[in-house]
Structure formats: C-alpha cells, structure tokens
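Summary of the model geometry
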Amino acid sequence: MTRPLRLSPDRLFSSDPDQRSIARALYAQVAGLPIVSPHGHTDPRWFATNDAWRDATSLLLSPDHYLFRMLYSQGVDLARLGVPSREGTPDTDPREAWRTFASHYHLFRGTPSQLWLDHVFAEVLGLEVALDASTSDLYFDHIAEQLFTDAFRPRALFDRFGIEFLATTEGADDPLQAHRAIRLSGWQGRVVTTYRPDGVIDVEHEAFRPAMVRFAALTGEDVWTWSGYLAAHAKRRADFRAAGATATDHGHPTARTANLEPREAAALFERVIRPGPSAADAELFRAQMLTEMAKMSIDDGMVMQIHPGSIRNHNAQLFASHGRDRGADIPGRADFVNGLKPMLDVVGNSTDLTIILFTLDESTYARELAPLAGHYPCLKLGPAWWFHDSPEGMRRFREMTTETAGFYNTVGFNDDTRAFLSIPARHDVARRVDCAFLARLVAEHRLADWEAAEIAQELTVGLARRTYRL
Amino acid sequence: MTRPLRLSPDRLFSSDPDQRSIARALYAQVAGLPIVSPHGHTDPRWFATNDAWRDATSLLLSPDHYLFRMLYSQGVDLARLGVPSREGTPDTDPREAWRTFASHYHLFRGTPSQLWLDHVFAEVLGLEVALDASTSDLYFDHIAEQLFTDAFRPRALFDRFGIEFLATTEGADDPLQAHRAIRLSGWQGRVVTTYRPDGVIDVEHEAFRPAMVRFAALTGEDVWTWSGYLAAHAKRRADFRAAGATATDHGHPTARTANLEPREAAALFERVIRPGPSAADAELFRAQMLTEMAKMSIDDGMVMQIHPGSIRNHNAQLFASHGRDRGADIPGRADFVNGLKPMLDVVGNSTDLTIILFTLDESTYARELAPLAGHYPCLKLGPAWWFHDSPEGMRRFREMTTETAGFYNTVGFNDDTRAFLSIPARHDVARRVDCAFLARLVAEHRLADWEAAEIAQELTVGLARRTYRL
Amino acid sequence: MTRPLRLSPDRLFSSDPDQRSIARALYAQVAGLPIVSPHGHTDPRWFATNDAWRDATSLLLSPDHYLFRMLYSQGVDLARLGVPSREGTPDTDPREAWRTFASHYHLFRGTPSQLWLDHVFAEVLGLEVALDASTSDLYFDHIAEQLFTDAFRPRALFDRFGIEFLATTEGADDPLQAHRAIRLSGWQGRVVTTYRPDGVIDVEHEAFRPAMVRFAALTGEDVWTWSGYLAAHAKRRADFRAAGATATDHGHPTARTANLEPREAAALFERVIRPGPSAADAELFRAQMLTEMAKMSIDDGMVMQIHPGSIRNHNAQLFASHGRDRGADIPGRADFVNGLKPMLDVVGNSTDLTIILFTLDESTYARELAPLAGHYPCLKLGPAWWFHDSPEGMRRFREMTTETAGFYNTVGFNDDTRAFLSIPARHDVARRVDCAFLARLVAEHRLADWEAAEIAQELTVGLARRTYRL
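Residues numbered from 1 in each chain as written. Chains lettered and ligands numbered in written order. Predicted model: local features only at pLDDT ≥ 70, side-chain atom pairs only at ≥ 80, totals over all residues. Heavy atoms only, no water.

Chain A is annotated in an unreviewed UniProt entry as Uronate isomerase of Sphingomonas gellani. Turning to chain A, the UniProt record has this under Catalytic activity (unreviewed entry): "D-glucuronate = D-fructuronate". In the Sequence similarities (unreviewed entry) part of its UniProt record, chain A is described as follows: "Belongs to the metallo-dependent hydrolases superfamily. Uronate isomerase family." (UniProt positions renumbered as here; feature names shortened; annotations may be inferred.)

Here is the structure:
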C-alpha cells in the first residue's frame, strides 16, 4: 500500500496548544530567513563546475554515513549500497542499491535522517508518496529526471535554498582550486573555505607524510623544521583568508591543549616528525598545535572551531577494507575543563579571539561547556553536533546549556553536512526545535514573547553572522 | 483514613489530550499481547513443584532488594523485614514485617516499586484499598488467603499472566534439575534457562572454587586446565541449549574485553586459578572470557547479554553480615567504546552473532551505546536496566538512543525480575511508557500513526521474539 | 520602549491545563510557608548591625558572580561592574556600573538569574518596568531610595520574607563575633552559623597558614600536632554548636575520602603541614579529614554537608589579578561511588549520622547519588546545586533521583546564596518547580493528589526541618 508523503506544518512543535501556537508564531518570523551555513562539508567543485548530479544513490545514499551505518548495523553489506571500499566503488547497480535502501527505510523511523530525507523528498524533489520497497523505482526515476534539469544544478539549488553563506572545509594541503574557480566564474554565490589543518597536525594520520609534502610545496617553507612548519601554517592561513575563509576547524581525538616553552615545542616537533612517534608525543603535539592555532587566530582574526572526542575508525576490520569515514567513528568521553586549561591560560581572556567548542559527550554540556563559555570571553558553544544534531539532541543542548551560558554564548546552527540537498531540511529542523524550546519558555512564563522573537532571530542568523564575522 | 486503590487506565500517558489519545490507541493494540520475558530471575522450582507461596512477606518483601534497600536507607533494620542474613532467616513474624513495610510505604512514592506493587495489589490480588499502616493486616490476611487457592499457584498465574516465554538464569555449575522437572512434568508453560557463567569466570567471587568443583563434576572435564575449562563451557552451553536456553548472560564489573593470543590466554588462566590472583589478572581474565563466550556464541547461536557496571557489595559491613544481593550494589561508570573494542575486533562484523548490551550508566546511551549499536551488526541495545527500569529511566533510554540507533537495534523489554507477581506490572509499565513515547513522536509529527502502531507491536513482542530467536 | 515588568502567577508551571491546575493547587498550599534556609552565605554582620545597604550595584551586582561571570564572558571588563580586584574595589561610579549591567541584561534571558532578579525587582523592590538601558537610572534611584528606608534594613526584610531559620557559613578560624552580636542584641531572628573548616583542612589553600594561626589562637591548642589539631576541631565545633550551628559544610575538590590508621594519619599530618606538600598528600589529607569530621558528627550530632567537585580558580590570569570567587570556578567530574567508600566503610550504616551530598556533575544523579542515598542510612541528597540551581536543573534532579532514592532521601531546598534579597525568589522558584514536577506525576496518574500535597509540604519545610535537626 502506497502511503502519502506529507510534512505537517506543525512538525517538531509541542502538541500543547499554547506552546504550539507560540512556536508557530516564532517560526513564521524565521522560516523565510536566509541560510547561513558557516560550517559544512559540501564539495566546492559542485559550485565550481555546476555539473548535474547523476542519480539518487550516488547523490543521497552512498556518501552518507548516517544512512549506510544504520543499514550496516542491520546486516546489510556496504557493497550493496554502492559504498566505496579501498578497492574502489563497487559496480552495484544504483537502482538496485536504492531498492535495498528503500526496503530498509523503516529502520530510520524516529531518527533525524528520516526527517531530513522526507523533507528533501517532499520539498526539494516534489515527491508525494512515502519511500518504501513499492515506491523505490518511482523515486529513483523521478529523482534522476529532476537531477538532469537545470533547476537541480548546484548553483540553481543554492539560490533556491536561499543560502547567504556556505563554508566548505579544506585541508592545509589543499590548493583551493575549486574555490578559485568559483571566484573566477563570476557567480555571486558566497561559498568559502575553512582552514582544517588536522592532516598536517595529526602525525598518527596514515596520510600525514604526503600531506606534509604538499604543505611544503604549496608554501615553499621547510615544513620539517619547527619554524618553517609554523611559517607554512601562517602562509596557508593567509591563503585561506584570501579565499574568503573566516574560520579554522580542528577535529582532534581529545580536547587536550598544551603550552610548551618554545624550545620544548621545537624538540617535540623534532620527535614527532620522525617515523613512529609515541602516542603520547602525537597527542602532546596536537595539544600544542591548538594553542599555536589560537595564537595565530588572535593575529589573523580567524574564528577557531574545536570538535574533539570522536574516536575514528573504531571498526578495525572495516577500516582495513573500506578506509576512513565509513560510519565507524564513535564518540568518546571529553574533558574540556582540564584539557583546555593550558590554552586558556594563554588566550582565555582575549576579547579578540573566538573559539567555538563542540562535543559528542553530552554530559559535558551542563558540567563543563556552559560554565566555561559562561565565563571565558573567548569561548562560545557550537550547536549540538553529529549524533546529537537531532530534535532530542538539540533540545537537550538548549536545556543543559542555556541556564548557565545563556543564548548569547551560543553561535546559531551548523549543518555540518556534505549532503547538499538536505541543507534546508537541517536548518528547518534546527529552527523548529529552537522555536519549540523558546515556546516552552514563553508558555511557562520564563521569557516574554518579544524576547523569544528576538532570540529566534539571533539563533537563526544573527549569532552566526556576528560570531563567524561574515 | 482508608484510601481507595485505583489504577487509572491512562496512567503513564502524557496529560496532553493529543498525546494521551494517541497513546491510548497504541496501547489498546498491545495491552493484550502475550508476555515475552527473555531475561529474568524467577525460581524455576516454582514451576517445577507448583507449590503454593506462603505469605506476603516471604513472597513480596524479604526477597526484593528494591524494597528493603529503600527501607534500610531510612534506618529500618533488615531483620525487621525478614531479610536473611548470613546467620539465616530471622525469626521475625511475617505479619509484623509486613506492618513495618506498610507503615513506610510512603517512601516509595514516585518510585517504580509503588507502580509495580499497586498493580500487583489491585490487578493480581484484587485489593481495593491502598496500603498503609491501617490496612496492613487486611492486606496480609487477604494475600495469605489468595495464595492458598489454586488460582494463585505458579502455573496458574503463569497462564493467567499470558506468558508466552519465560527465561530464568542459572549458573554454569547448576545441574538444571528444576528445568528438567518442568519438562518431565508435561506442563506446557515455556520456562527455559539462561547460561550465566559468571560464577566460574569471576575468580574474585568468594564462591569461585566450589563453583569450579561443581563445574568439573557436571562436565567431567579437567576445568583446571585452560583447554579443559573451555571444553567444560562448551559442554555446559550444550546442556543449556538442550534445556531450551537461547541466551547467555554476563554480569561483569566492567565492559572490558580482551583478545589474547591463545598462549597468553592459557598463561593467564594458570595465574588466575592460583589462590590470590591479582585484581588486574582477574579483570583481564573476565575480559578475555567475554571474547571466548562471543566466539562460542557464533558456534552455537546463543544470544549473548552483557550487563556490566554494577559494583557489587559496596557496603562492606552489610556484606560481612548479610552477604550478596542485599541492595548494596551501586552502579559505576562504564566504558563500552574502549572496553568492547578487543572483542569487536574479533566478532564485531559477524551477522551470525547477537550481543545485547545493558548499562547502569545512562551517560553512555547517546555517547557510546547508540553509536555502537547503530554501526556494528552484532550489537543490540537491551532495555533500560535495573535502577533505570522505570518510567523516567525508560523515557530517557528512548530519547537518548532512538535518534542514533533507531528502534530496530533495540530488543524489546526485559523484566529482569525475581518478583513473579510483578511481571505483568513491569511489562505493562514498559508498554505504556513506549506508547507514550511513540505518542509524542506522532503528536509532534515526527512519525506517522501507522508507523507508531507497527513499532509498538515490535517493542512489545516482535523484537524480543526475533532477537532471542524464540 | 519601556516594557512592563510582570510576574505571571503561573510561571514555571507546565502550560498543559491539567498539570497547570494541579500545580496551582499544590503551590497554593506551600507558597505562604516560612522560609527554612539551612545552607547559605549571607553576611551575619548585616543582621548584627542592621545597617542600611547603599546602592543597587554594591548590593546586587558586584558581589554576585552569577551576574558578572556572564558579563565577563561577553567581554565586559570587571572593573566596569565595580567588582573588586586584588588591588581593591575600583572607583567605578556605581550608577555607571549599573548602566553597564542594565544594557547587557538581555544576556540573562533563559537563565535563573533573570528569574531571581525580576522577582527581586517586582516583589521586593516594587518596580513595575523591565530593566534595560532606558530604565537603568530609574532603577538605580528607586532602589537607592528604598534601601534608605527602615523597611529595607536587613532585619525588617528578614521578617518580611518570613524566614524561620537562616544559616550562614563561617570558617573554623572565625571568631563568630557577628553571631554573638546577633544573640546579644535581643533580636529574635534565628540566624545561625555553619562550621566550614576547609580553610584549615585544605593545605593547598593560599591562606592555610594564617588560618591555622587563628585556629590555634581561638582554641589554645597546638594545632601543629595531629592530636592538637583534632582537639582544636572538636573545640571549635563545640563553639559553633553553642552559637546555634546544626551543620558542617565541606567544599572539597573531589569526593575522595580515606580511612587511615591513626599512625598513618598522624604521619600524613606531619607531612602536609610542612611547606610545599605534594598534591597527592594534600588530597589524601582532605580525604582523611572528611572521615574525621564524620566521626565527630556522630559524637556531636552536626549534620555534615559535602559539596565536592568545583575546580576553583580555573582562570589563572583572573586569579592573579582578582583572587578567589570571581566566577572562574568550573565543575569537574565527580566519583562518589569509589570516593566515599572509605568513609562509608566506617560510618555508612550509622543511623545517628546525616551526610548530605551535593554535586556539580549531573551524570552522578541517577548513576551514583540516588543508588547510594537509596541504600545507606546516613546519606541524603542535597538539592540541585550552584549551576544546576535552576528550573531545568531542579527538574533534572527530581527526574533522575526520585525513582531510586524517593523524595524522602532528599532534604528540601538550599538557597546557598549571599544575595539576601533574592532568598524569597529562590525558594519560590524551587517551590514552583517541585509543584510542577509533582503535578506531572499526578496528571500522569503516578501519584495521588493527596500524596503530592503531602510531599510538597515536606519538600518545602518538613524535610529541611527534620534533616537539619532545627
């Protein structure tokens, strides 16, 4: 039996009539605002070439680890979904892969993936029936048809989505060609890069050495000396700034920072660039580099984003067969209070610096992050991240941070996605959840309606624009 | 003043009219489904002998550590409640013990114990007034009267409760006589055992050595050698399978696992069976044995349940005077992400194995358990456990796991109880809380009503039947 | 535009009509009850001298780290708010400081500070417009005017607030002069002290030595020997008892306790009183002293309060410039289960002792604190503390502790404040949040209305009176 696909205009609002009507009114004021996306992972080549996408599977399914991890957890082989392994992209028929996905779509009930996808299907792609095994081919054909039209090219969708600003993320060893091409193309869409130097900071990364070679080539610095290495970072930061970047991004295993004497730091550098550094040295070097990056941010004004706590490639077998980013990243505990102290001892009281903190460990929201951000001038709280980028996750974020850090030490929403078509869906979910939270405060007489309206505006565009210095 | 005892048909549903009416409709479809109880601690001798129980105190109070721990925390001596010490069962008058309990019954307000007991009193025992000091004797007499009727014998209640499947738990050194007697009796009730080898794995358990002696006697293996020890496990697992078991259960202090080379494992075994093994070796041996058990589960198809994180016998004085299981088990922090990795490196990607994880540390729900279960094919999430087996606890479980793991990586409800009369109450609470959670998702347009209905059915019987391979 | 300042009579109640009407009825029964404040930090000299306060800034703003930490986090210099540094109180114009505060008042939206302050402004001070830049001077003048009237002297407000009992907190080296003056004055208000010996226990405190010198002078004991030191504590505890104290208070960095042999304890004492003790010894000494204090509490009947887990003076630069208590205390993780065990091994089963536990680490509520308090006779749970002393924080406290510990292992509300004018506001928030929580249980048929009414009474006055032995 084919089911209709309909998005309720009241979705994600409380069913309490008071709260719902307040939420509706708040949402009405922010639903149409532009999308400010200062942190994400879309591919800049899409906007450089403006080429059409090919099919539902390669666009929506096989690159999305939110989707294939769930199917994998239920015994579905990744090859059946067209997910690339180290041996390349399997020659799975995309239509067949989509069928596999469709017949398992019920697994996503109650997850944000279903919310996002149904929004993409209904609002972006104009589908009117729900996805299941019986509608799989209809979906696949309809999507293919749409993708070949000009209206579904990347730039056209960028405009249709009302995107005011879109940041991508590139490594320190990236030549930024796609971004140059965008600028040279004369297209007016504001797509800029973000400086993510992890690949040349994490000496345990399997591709550290080739990244360093490219880093050297791009900067002309002797990156194998501590001073040359730092100079190379400064140069590349300047390149990124010139390409429009306003922020850096740091995805470390932990929140540890360090503040070594220059001589100690240089000695550490010497040790870690030799083959087979100790785990302790590798960790200390990452720690030291956060402080170095913070100091450079005071100089060049780039906003610093720290995303600690993901234990990458937990599944050894899958990493061996499929490599990175295959859904086997698992959160670990985080310790911001002790971890960040060395860096904060250096830069914590600066009012010229903004450091945005993200966590995968919700137990730190009320215990660590809100108290830190509610005190240190340089610290702000990034939105609920990754696994927590969901209605319940975003609600918990507000419930556990607002009373200590307030709304004004947060920075608005980050969609953090490579799934371009879902960007409006993700911002819509965030706006709705924030309006629902504000509506509860108003309905419980903890906030005036006009205050809530101001805050909704701030959470939607104001804080992001100001924090990321757009 | 005597108060009436009445259970509202809407208990545990939201008071929001929308949500309540959706919850009612969902609940109406699952309220009458059979009880599937794949994890519990009832005494199989009850069903083997079908003897009548004696009185309220020995049936409901003195074996229930949920109850006497609360009274003890308020200064009530355990002897007054008829709780056995190492010196035996005190000769407290059961009626007097019940009076002590009744006059403290207000302590249980807001706890699941009160919900369960009131359901037992009203639904199972037909009482119509609330328990307090003034009704204590009425209760005691009424219950005694009922218990002597045939309708209150174990098998009669088993049928009346609509139990489809009931698992008990026995040690590796248990001869399974009661289960044999049940089978030989010709009674059709499906009561099966579960293989719980902790007593012969935890070398720090005070009864390890006598358990090993029985383990050897039952298997004819030389359990004091590593190969004989493993062979004994394999034999006993086969015995348990033959007695109907579909699962094993492992209650370790931590979630640590290990994957030692066979030679190292054998050497470790040699060390730990000597008197006075080190705590580190004892822990490493438990860790290694989880991996051994997982490998055997791939061979014999038994579902593996891991319940880590209870710090047993925290109260040294009470342990000295009263022994184990006297309410002094306190949860500790758990670390599944690092703890399980060695085992998952071996078996994690198997689709032939099911490992069900339980936790007493709710901070792991969203941070560790949901991401792990939402990725590894072998992992599933057991329901909210022990202290968290309660309306708020079950709600938090759904709120913190569903968005990442979905509903289909969970396994339905476990009553986990030795309190037989409360089994319907516990399943009823779980069904109501699940329906209330689903009703919120429907009322907030995050799930369609027909999807919720399917899920309610799955959470009530479907997932348990399939996961436990019944 | 000037906005009216109005407090809704329904604030903090659920907007669900059922729950709201139940909450209203419960609150109506407790709103007018006296204030019992067994744990706080008001200055006893206020009540001794009954001098008038001076202005809004010095009374409400510059001593309140909840307020200035938030402003500091947004880049406002502390000197602009009149906050004293190590060089003394800055000569900031109080009216100007108040303007700075008023123009940033929106930062407190959604925080308990705004709830408390608006209550102070509206109910205590009779203001009718909201605070913002445009009303700053009006506020400042109005408050100054009020403060100079007799009705706003400390004792008059004490009476007006309906305070039945108010505890302050003094160090072991405090001569208790203000408390003596209060008693000698003939005033009937019950303001008593609390014994807080941290200053002579924490050998890492920068003022440990001068505090010990005063401790010796006040007791005539040789406090530099272990036996003299313990005798000095006993004497001062007796002094405090004589001055009305019923409780002690212990603010340690961790919940660690120890139970050393007397000889080991004496040797440890010898080590830590020498200059530059090791951090491990300092920690062990604090741990041992909790057990010593618990033993003395069994002797003298003083209720023991343990507040662990605040990492003091996290901001090194601010500590250097401004000293302690400047908003840079950040919560750390707590471990009650292992930390308290040595002490509980000694006193845990005592029914003559009450130890009240507080936490800044909410992840311990359900995992550690509720199970411990739901078992050990000596343990009770203090209310949501500090950063968690807020509507969401108090709600989480009830949701995460009630099901295991019940209501009767909690102790009512502590305002824990030095902000005297906000005491009614804080108790009002607590009463409302508790009534809202109870109302939900009633509306969901988890509690009878008459049970909820009894509990509301207990949470408001009964438990505090009994637990603190008033």
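Having seen the model, we can carry on.
Every contact between the two is made by 50 residues of chain B and, on the other side, 48 residues of chain C. Buried surface at the junction of chain B and chain C, summed over both partners, amounts to about 3,900 Å²; 48% is from carbon and sulfur atoms. Broken down residue by residue, the surface that chain B buries against chain C is led by Arg109, His314 and Arg333 of chain B, which jointly contribute 20%. Where chain B touches chain C, the interface holds eight salt bridges. The shortest N-O distance in the salt bridge between Arg395 of chain B and Glu399 of chain C comes to 3.4 Å. On the surface where chain B and chain C come into contact, there are 32 residue pairs in polar contact (both at pLDDT 80 or more). Residue assignment for the side of chain B that touches chain C shows that the elements contributing at least two residues are α1 (17-30), α4 (65-73), α6 (112-124), α14 (316-322), β9 (330-331) and α18 (391-405) of chain B. Examining the composition of the side of chain B that touches chain C, we find that five residues originate from one element, α18 of chain B, more than from any other. Here the residues of the side of chain B that touches chain C are counted per class, giving 17 nonpolar, 19 polar and 14 charged. (Contact = heavy atoms within 4.5 Å. Buried area = accessible area lost by both parts, 1.4 Å probe. Salt bridge = Lys/Arg side-chain N within 4 Å of Asp/Glu carboxyl O. Polar contact = N/O pair within 3.5 Å; in protein donor to acceptor, adjacent residues only side chain to side chain. Helix = DSSP H or I, 4+ residues; strand = E, 2+ residues; numbered from the N terminus. Nonpolar A, V, L, I, M, F, W, Y, C, P; charged D, E, K, R; others polar.)

Moving on to the interface of chain B and chain A. Residue-level contacts link 48 residues of chain B with 50 residues of chain A. Between chain B and chain A lies a buried interface of about 3,900 Å² when both sides are counted; carbon and sulfur atoms form 49% of it. Contact with chain A buries surface across chain B, with Arg367, His375 and Glu403 of chain B losing the most and accounting together for 20% of the total. There are eight salt bridges connecting chain B and chain A. Notably, a salt bridge pairs Arg20 of chain A with Asp18 of chain B, separated by 3.8 Å at the nearest N-O pair. One can count 32 residue pairs in polar contact (both at pLDDT 80 or more) joining chain B with chain A. Of the residues forming the side of chain B that touches chain A, the biggest block, seven residues, is contributed by helix α17 (residues 363-373) of chain B.

Residue and element names in this part refer to chain B. Structurally, the position occupied by Ser350 is in the loop between α16 (341-347) and β10 (355-357). One polar contact links the side chain of Ser350 to the main-chain amide nitrogen of Asp352, over a distance of 3.0 Å. Ignoring anything within four residues of it in the chain, the contact list for Ser350 reads Ile298, Pro377 and Cys378.

On a regular strand, one side chain projects to one face of the sheet and the next to the other, so that they alternate. All names here are of chain B. Side-chain alternation along strand β6 (residues 247-250) places Ala247 and Asp249 on one buried face and Thr248 and His250 on a second face that is also buried. Here β6 runs beside strand β7 (residues 303-306); their pairing, made up of four bridges, is parallel. Each bridged residue has a counterpart across the sheet, and for His250 the counterpart in β7 is Ile306. (Buried < 20%, exposed > 50% of the residue type's maximum accessible area, 1.4 Å probe, protein only. Pairing = 2+ DSSP bridges.)

Right, let's get into the relation of the copies chain B and chain A. For the pair chain B and chain A, the superposition axis carries a translation of 0.0 Å, the fit reaches an RMSD of 0.0 Å, and the rotation angle comes to 120°. In symmetry terms, the pair is related by a three-fold rotation axis. (Least-squares fit on C-alpha atoms with pLDDT ≥ 70 in both.)

On to helix α18 (residues 391-405) of chain C. For an α-helix, the turn length of 3.6 residues means that residues three or four places apart are oriented alike. All names here are of chain C. For α18, spanning 15 residues, the distance from its first C-alpha to its last is 20 Å, which sits close to the expected 21 Å at 1.5 Å a residue. Summarising burial for α18: 14 of the 15 residues are buried, a large majority. Where α18 ends, the next residue or the one after it, Gly406, has phi of about 70°, a positive value. (Expected span 1.5 Å × (residues − 1).)

Each aromatic ring pair is summarised here by two numbers: the centre-to-centre distance and the angle between the ring planes. Residue and element names in this part refer to chain A. Applying the stated criterion across every chain, the model contains 93 aromatic pairs over all chains. On the numbers, 6.2 Å between centres and 65° between planes, the contact of Phe407 with Phe437 is edge-to-face. Separated by 30 residues along the polypeptide, Phe407 in the loop between α18 (391-405) and α19 (423-443) and Phe437 in helix α19 bring together distant segments of the chain. With respect to class, Phe407 is no different from Phe437; both count as buried. (Phe/Tyr/Trp six-rings, centres within 6.5 Å; stacked < 30°, edge-to-face > 60°.)

Attention now goes to the domain arrangement of chain A. Interface size is commonly expressed as the accessible surface area that is lost when the partners come together. All names here are of chain A. With domains assigned, chain A is organised as domain 1 (17-47 + 157-467) and domain 2 (52-152). Taking only C-alpha atoms into account, the centre of domain 1 sits 28 Å from that of domain 2. With 30 residues of domain 1 at the interface, the matching set in domain 2 holds 24 residues. Counting the surface lost from both domain 1 and domain 2, the interface buries some 2,400 Å², and carbon and sulfur atoms represent 65% of this. Counting across the domain 1 and domain 2 interface gives zero salt bridges. (Domains from an automatic or database assignment.)

Glancing now at the packing of helix α17 (residues 363-373) of chain C against α18 of chain C. All names here are of chain C. Following both chains from N to C, one finds α17 and α18 inclined at 50°, their axes separated by 8 Å at the closest point. Compared by their axis directions, α17 and α18 come out oblique. Of the two elements, α17 crosses α18, and the hand of that crossing is right-handed. Mapping the contact onto sequence places Tyr365, Ala366, Ala370, Pro371 and Ala373 in α17 and Gly393, Arg396, Phe397, Met400, Thr401, Thr404 and Ala405 in α18. (Axes fitted to C-alpha atoms, helices over the stretch in contact; angles between N-to-C directions. Parallel < 35°, antiparallel > 145°, perpendicular 65-115°, else oblique. Left-handed = near helix turned anticlockwise from the far one by under 90°.)

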